[in-house]
Amino acid sequence: ELSGPRLGYGRYRWVVGSDLTNKLDAHRVIGFFTHHVRRQSPAGEQDLEFARWGDSFRPIGWYVSWISTGRDAYGTFSVSPHAPYTLDLTWKHGRVEYSVRDANGVSLLAQSIPTSFSGRNIAPSMSYWLWAGNKWDPRTKKVLRGPHPAIRVNSFRHTKLRDLATNVQTQQ
């Protein structure tokens, strides 16, 4: 896992250069998320994950919003083979907006979820790991071993909420 400093409200943007539809087998998980730097629980964490959770036929795109008692909201989305992907988690007062677009600008996910957590103490993170379930892949009939396939993250950028509002006013 790789974590950054507390950045607070605003847009967290990762650009992923690798085609995630063919890089991840049924047991590998890559996550791009924000978490609360002053809490040990996942409360307030917002995730964009690419995983099949042990089932080669599951959708690969997932979004999850966490509260102190578990998942508050979650769902899946289809992922095209057209990298790079632009992943946005935008923390606003009272809600978090999830957005994923492919290289053609096609929206793969556009979801807004209310939250009661403050975005003031939020920091970005990424993780790439092997799901702890059965590591036998039914497609290859092999047990997974060895290093993860390389996934390229082209960039990360945080834009403060006040700067997002200024950009919208300037464009009008």
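Criteria and cut-off values
Residues numbered from 1 in each chain as written. Predicted model: local features only at pLDDT ≥ 70, side-chain atom pairs only at ≥ 80, totals over all residues. Heavy atoms only, no water. Helix = DSSP H or I, 4+ residues; strand = E, 2+ residues; numbered from the N terminus. Contact = heavy atoms within 4.5 Å. Buried < 20%, exposed > 50% of the residue type's maximum accessible area, 1.4 Å probe, protein only. Pairing = 2+ DSSP bridges. Salt bridge = Lys/Arg side-chain N within 4 Å of Asp/Glu carboxyl O. Phe/Tyr/Trp six-rings, centres within 6.5 Å; stacked < 30°, edge-to-face > 60°. Axes fitted to C-alpha atoms, helices over the stretch in contact; angles between N-to-C directions. Core = buried A, V, L, I, M, F, W, Y, C linked by side-chain atoms within 4.5 Å.

Novice: How would you explain the environment of arginine 120 if you had to name every residue and give the values?
Specialist: Note on placement: arginine 120 falls in the loop between strand E9 (107-114) and strand E10 (122-130). Considering only alpha carbons, one finds arginine 120 and tyrosine 9, 111 residues apart in sequence, at a separation of 5.9 Å. Apart from the residues within four sequence positions on either side, arginine 120 is in contact with Arg6, Gly8 and Tyr9.

Novice: Got a sec to walk through the side chain of glutamate 45? Specific residues and values, please.
Specialist: Structurally, glutamate 45 is set in the loop between strand E3 (28-36) and strand E4 (46-50). Among the residues examined, glutamate 45 registers a relative accessible area of 16% and is labelled buried. Residues within four places of glutamate 45 in sequence aside, it is in contact with Phe33, Thr34, His35, Val64, Ser65 and Trp66.

Novice: Describe the sheet that holds E4, with residues and values.
Specialist: Pairing is antiparallel across the open sheet formed by six strands, whose spatial order is E1-E10-E3-E4-E5-E6. Two strands lie at the open edges of the sheet, namely strand E1 (2-3) and strand E6 (70-77), each paired on one side alone. Sheet analysis places E1 next to E10, joined by two bridges and oriented antiparallel. Residue leucine 2 lies in a different strand from E10, and its bridge partner there is methionine 126.

Novice: If you had to explain the pattern of salt bridges to someone new, which residues and values would you point to?
Specialist: For the coordinates displayed, the defined rule picks out five salt bridges. The shortest N-O distance in the salt bridge between aspartate 25 and arginine 28 comes to 3.0 Å. Here arginine 95 and glutamate 97 are joined by a salt bridge, their closest N and O atoms 2.9 Å apart. For arginine 95, a relative accessible area of 31% puts it in the partly exposed group. It is possible to trace a salt-bridge network through shared partners that takes in Arg13, Asp88 and Arg101.

Novice: How would you explain the pairing of E10 if you had to name every residue and give the values?
Specialist: Relative to E10, E3 runs antiparallel, the two sharing nine bridges. Note that in E10 the partner of threonine 34 across the bridge is proline 124.

Novice: So what about unusual backbone geometry? Which residues, and what values?
Specialist: Of the consecutive residues alanine 83 and proline 84, the connecting peptide bond is found in the cis state with omega at 5 degrees. One non-glycine residue, tryptophan 53, adopts positive backbone phi at about 50 degrees. We classify tryptophan 53 as buried; its relative accessible area is 17%.

Novice: Which residues make up the packing of aromatic side chains, and what values do they have?
Specialist: One pass over the structure, following the stated rule, counts seven aromatic pairs. Ring centres of tryptophan 14 and phenylalanine 156 lie 5.3 Å apart, and the angle between their planes is 50 degrees; this geometry places the pair in the tilted category. One end of the pair, tryptophan 14, is in strand E2 (residues 10-16); the other, phenylalanine 156, is in strand E13 (residues 153-160), with 142 residues separating them in the sequence. For tryptophan 14, a relative accessible area of 1% puts it in the buried group. The class of phenylalanine 156 is partly exposed, set by a relative accessible area of 37%. Taken together through their ring pairs, the aromatic side chains of Tyr12, Trp14, Phe32, Phe50, Phe77 and Phe156 make up a single cluster.

Novice: Go over the sheet that holds E9 with me, naming the residues and quoting the values.
Specialist: Taken in spatial order, the five strands line up as E9-E8-E7-E2-E13 in an open sheet, and their pairing is antiparallel. The open sheet has two free edges, formed respectively by E9 and E13, since each of these has just one partner strand. Between one strand axis and the next, the sheet turns through 10 degrees on average, direction left out of account.

Novice: Mind laying out the nonpolar core, listing which residues take part and the relevant values?
Specialist: Counting residues in hydrophobic clusters, the biggest one holds 29 residues, and the most contacted among them are Leu48, Phe50, Phe77, Leu87 and Tyr98. The leading source of residues in this core is strand E7 (residues 85-92), at four residues. When near neighbours in sequence (up to four residues on either side) are disregarded, phenylalanine 50 contacts Leu20, Leu24, Arg28, Val29, Ile30, Phe32, Ile60, Gly61, Phe77, Val79 and Leu87.

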